[in-house]
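Structural features, examined
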Amino acid sequence: ASKTLTGMIEAPVRGKSFWISISGGFDMSSPDDDFAKYRQLLIDVTSVTFDKGAAYTNLVMAGGYAGAFALWTLAQSNLTATASAWTGLFLLLSLTSFVSFEIYKIVFHTRNTLGLAAHLKTGKPIPEQLADVQAYNSAVTEKNVLVFMRVWVVVLAFSVGTALIAIMILVWNFVAVLCASL
């Protein structure tokens, strides 16, 4: 008989809890197997959601950086040397933290791909290789969910925060120039 699994999930970023219920597909021989499959499903869903959100965030951040650097360039003649230096510093800190995380992500995914390749070159029978690859992939996905999401929240907050400070300096100077011309 098919089983229904129900459980409370706590969202790591917003601190909100919600109930999730999944029916069907849990016909294993023991409750431990059912909950292991359920846990893996939740990890997979969280990982896919994170990846899609990160891709969208990267697009928005790239557009934001392009706009911020364009505004900074246009405003150079109206900025004091100090305001220009602070704007550049905050944009540089923001961009550096963002790019550093992307490089970390590239290294992480490259290592995981090499690990998967190593599991495929063992010479074991196909079913054993597939089980090894699935176990490895599950461990990597879990690490991705547990580590990447926490690190990404910090990097995103820092990147957005420093970029917003730079934009506020530009806006303040635009307003000052406009007020001075009145």
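The shown structure was predicted, so the numbers you read here are calculated from the model rather than taken from an experiment. (Residues numbered from 1 in each chain as written. Predicted model: local features only at pLDDT ≥ 70, side-chain atom pairs only at ≥ 80, totals over all residues. Heavy atoms only, no water.)

The next thing to look at is the confidence of the model for the chain. Model confidence for the chain is summarised by a mean pLDDT of 77, while 71% of its residues fall at 70 or above. Per-element confidence in the chain ranges from a low mean pLDDT of 50 for strand 1 (residues 4-10) to a high of 88 for helix 2 (residues 81-120). When the criterion is pLDDT under 50, residues 9-13 qualifies, and its contacts beyond four places in sequence or with other chains add up to 12 contacts. (pLDDT = per-residue confidence, 0-100. Helix = DSSP H or I, 4+ residues; strand = E, 2+ residues; numbered from the N terminus. Contact = heavy atoms within 4.5 Å.)

Once that is clear, we can look at the side chain of Thr-87. When you line up the elements, Thr-87 lands in helix 2. Assessed through its relative accessible area of 0%, Thr-87 is described here as buried. (Buried < 20%, exposed > 50% of the residue type's maximum accessible area, 1.4 Å probe, protein only.)

Now for the nonpolar core. Side chains of nonpolar character tend, in soluble globular proteins, to be buried together. Grouped together as the largest cluster of nonpolar side chains are 10 residues: Ala-68, Trp-72, Ala-75, Leu-79, Ala-83, Phe-90, Leu-91, Ala-166, Ile-169 and Leu-170. For this core, the elements supplying multiple residues, two or more each, are helix 1 (31-75), helix 2 and helix 3 (126-180). Residues in contact with Ala-68, not counting those within four places in the same chain, are Leu-91, Ile-167 and Leu-170. (Core = buried A, V, L, I, M, F, W, Y, C linked by side-chain atoms within 4.5 Å.)

So, on to the environment of Val-171. Looking at the element boundaries, Val-171 is found in helix 3. Taking the relative accessible area as the measure of exposure, Val-171 reaches 44% and is therefore partly exposed.

Time to look at a nonpolar patch on the surface. On the surface, Trp-86, Leu-89, Leu-93 and Phe-158 cluster together into a nonpolar patch covering about 360 Å² of accessible area. Summarising the element assignment, Leu-93 is placed in helix 2. (Patch = residues over 30% accessible without salt bridge, like charges linked within 9 Å, V, L, I, M, F, W, Y side chains within 5 Å. Areas by Shrake-Rupley, 256 points an atom, 1.4 Å probe, with all protein chains shown as cover. Salt bridge = Lys/Arg side-chain N within 4 Å of Asp/Glu carboxyl O.)

To continue, consider the packing of aromatic side chains. One pass over the structure, following the stated rule, counts 7 aromatic pairs. Measuring from ring centre to ring centre gives 4.9 Å for Phe-101 and Trp-152, while their planes differ by 35°; the resulting arrangement is tilted. With Phe-101 in helix 2 and Trp-152 in helix 3, this pair connects stretches of sequence that are 51 residues apart. Among the aromatic side chains, those forming a connected cluster through ring pairs are Tyr-65, Phe-98, Phe-101, Tyr-104, Phe-108 and Trp-152. (Phe/Tyr/Trp six-rings, centres within 6.5 Å; stacked < 30°, edge-to-face > 60°.)

Time to look at the environment of Leu-79. In this fold, Leu-79 is placed in the loop between helix 1 and helix 2. Counting along the chain gives 95 residues from Leu-79 to Phe-174, while the straight-line C-alpha distance between them is 8.5 Å. For Leu-79, the contacting residues outside a window of four places in its chain are Trp-72, Ser-84, Leu-170 and Asn-173.

Our focus in this paragraph is helix 3. Given a rise of 1.5 Å per residue, 55 residues ought to cover 81 Å, and the 75 Å separating the end C-alpha atoms of helix 3 matches this to within 8%. The largest bend along helix 3 reaches roughly 30° and is located at Phe-148. (Expected span 1.5 Å × (residues − 1). Bend = angle between axes of the 7 residues up to and from the residue.)

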